[in-house]
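An overview of the molecular structure
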Amino acid sequence: MPNVPATSALPRRDQIRKEAARLFAARGFLGVGVDEIGKAVGISGPGLYRHFAGKDAMLADLLIGISERLLEEGRRRAGGGAGGEIDADGSGNGNGDGSGSEGAAAALDALIGGHVEFALDDRDLITLHDRELLNLKEEDRRTVRRLQRGYVELWVDVVRRAYPPLADPGAEPVARAAVHAVFGLINSTPHSLGPNLAQGERVGLQRDDMASLLRRLAHGAFSAAADAAASARG
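The present account deals with the structure reproduced in this document.

Summarising the element assignment, serine 67 is placed in helix α3 (residues 55-82). With relative accessibility at 2%, the residue serine 67 sits in the buried group. Engagement of the side chain of serine 67 in a polar contact is seen with the backbone oxygen of leucine 63, the distance being 2.8 Å.

Glancing now at the pattern of salt bridges. Scanning the entire structure with this criterion turns up 19 salt bridges. The residue glutamate 19 makes a salt bridge to arginine 22 at a minimum N-O spacing of 2.7 Å. Of this pair, glutamate 19 and arginine 22 both sit in helix α1 (residues 12-27), separated by three residues, roughly a single helical turn. Assessed through its relative accessible area of 8%, glutamate 19 is described here as buried. Among the ionic pairs, aspartate 157 bridges to arginine 161, the shortest N-O distance being 2.9 Å. Pair noted here: aspartate 157 and arginine 161 are both in helix α6 (residues 138-162), with a separation of four residues, about one helical turn. Here aspartate 157 matches arginine 161 in class, with each residue buried. Taken together, the shared-partner salt bridges connect Arg13, Asp14, Arg17 and Asp61 into one network.

Looking now at the nonpolar core. With 66 residues, the main nonpolar core has Phe24, Ile37, Leu108, Trp155, Leu166 and Phe222 as its most contacted residues. Contributions of two or more residues to this core are made by α1, α2 (34-41), α3, α4 (101-121), α5 (123-131), α6, α7 (172-187) and α9 (207-233). Filtering out sequence-adjacent residues up to four positions away, tryptophan 155 remains in contact with Leu108, Leu111, Ile112, His115, Val179, Val182, Phe183 and Phe222.

The rules behind these values
Residues numbered from 1 in each chain as written. Predicted model: local features only at pLDDT ≥ 70, side-chain atom pairs only at ≥ 80, totals over all residues. Heavy atoms only, no water. Helix = DSSP H or I, 4+ residues; strand = E, 2+ residues; numbered from the N terminus. Buried < 20%, exposed > 50% of the residue type's maximum accessible area, 1.4 Å probe, protein only. Polar contact = N/O pair within 3.5 Å; in protein donor to acceptor, adjacent residues only side chain to side chain. Salt bridge = Lys/Arg side-chain N within 4 Å of Asp/Glu carboxyl O. Core = buried A, V, L, I, M, F, W, Y, C linked by side-chain atoms within 4.5 Å. Contact = heavy atoms within 4.5 Å.

Here it is, written out as structure tokens:
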């Protein structure tokens, strides 16, 4: 019997996803072979081709999948908090009883919480999302970029509703810059959440403490952006 890892309780395709993400994140897409991924899930390298057309297909599945998941979950969270419907491009129509700044603030908090959970629970995917996009085929890269744009627009819309100074047309670039800055802040988690003692990392914050800190820092960044926009208006 092959020595199948503990992840064998997962469906085989999900096992492959999990191990491919781990190996790609640790050594880079170009540094990992199909045989290594197969060994990690207890099957031969050629056996992987029953599930994926090849290594390129695995990377596309991971990056498109996480981009779709972020956008879909973001729409759900924003729609539930903001009161208005969220359009396909990520923007909202502002209708509904909770569409004012109070409802938008709840939606923003939900968005932040969702992205923090992703960053803490899917560190390998965060690494791939940041590092391996250029290794996708052109068509897959365009798909990921389209999904990413939708996710950014969703956040920009909610942030501008939550902070009235950012709703001014001239403040839109400030809101957009703040969203990207917050993504960078939260996505830095793989570099700050430890420990990986085998690689000499120091013991980091516990998960709940890190989650709380990231949420507070994200809200602080948006508050600072709103203050900057208000000051610019004089």
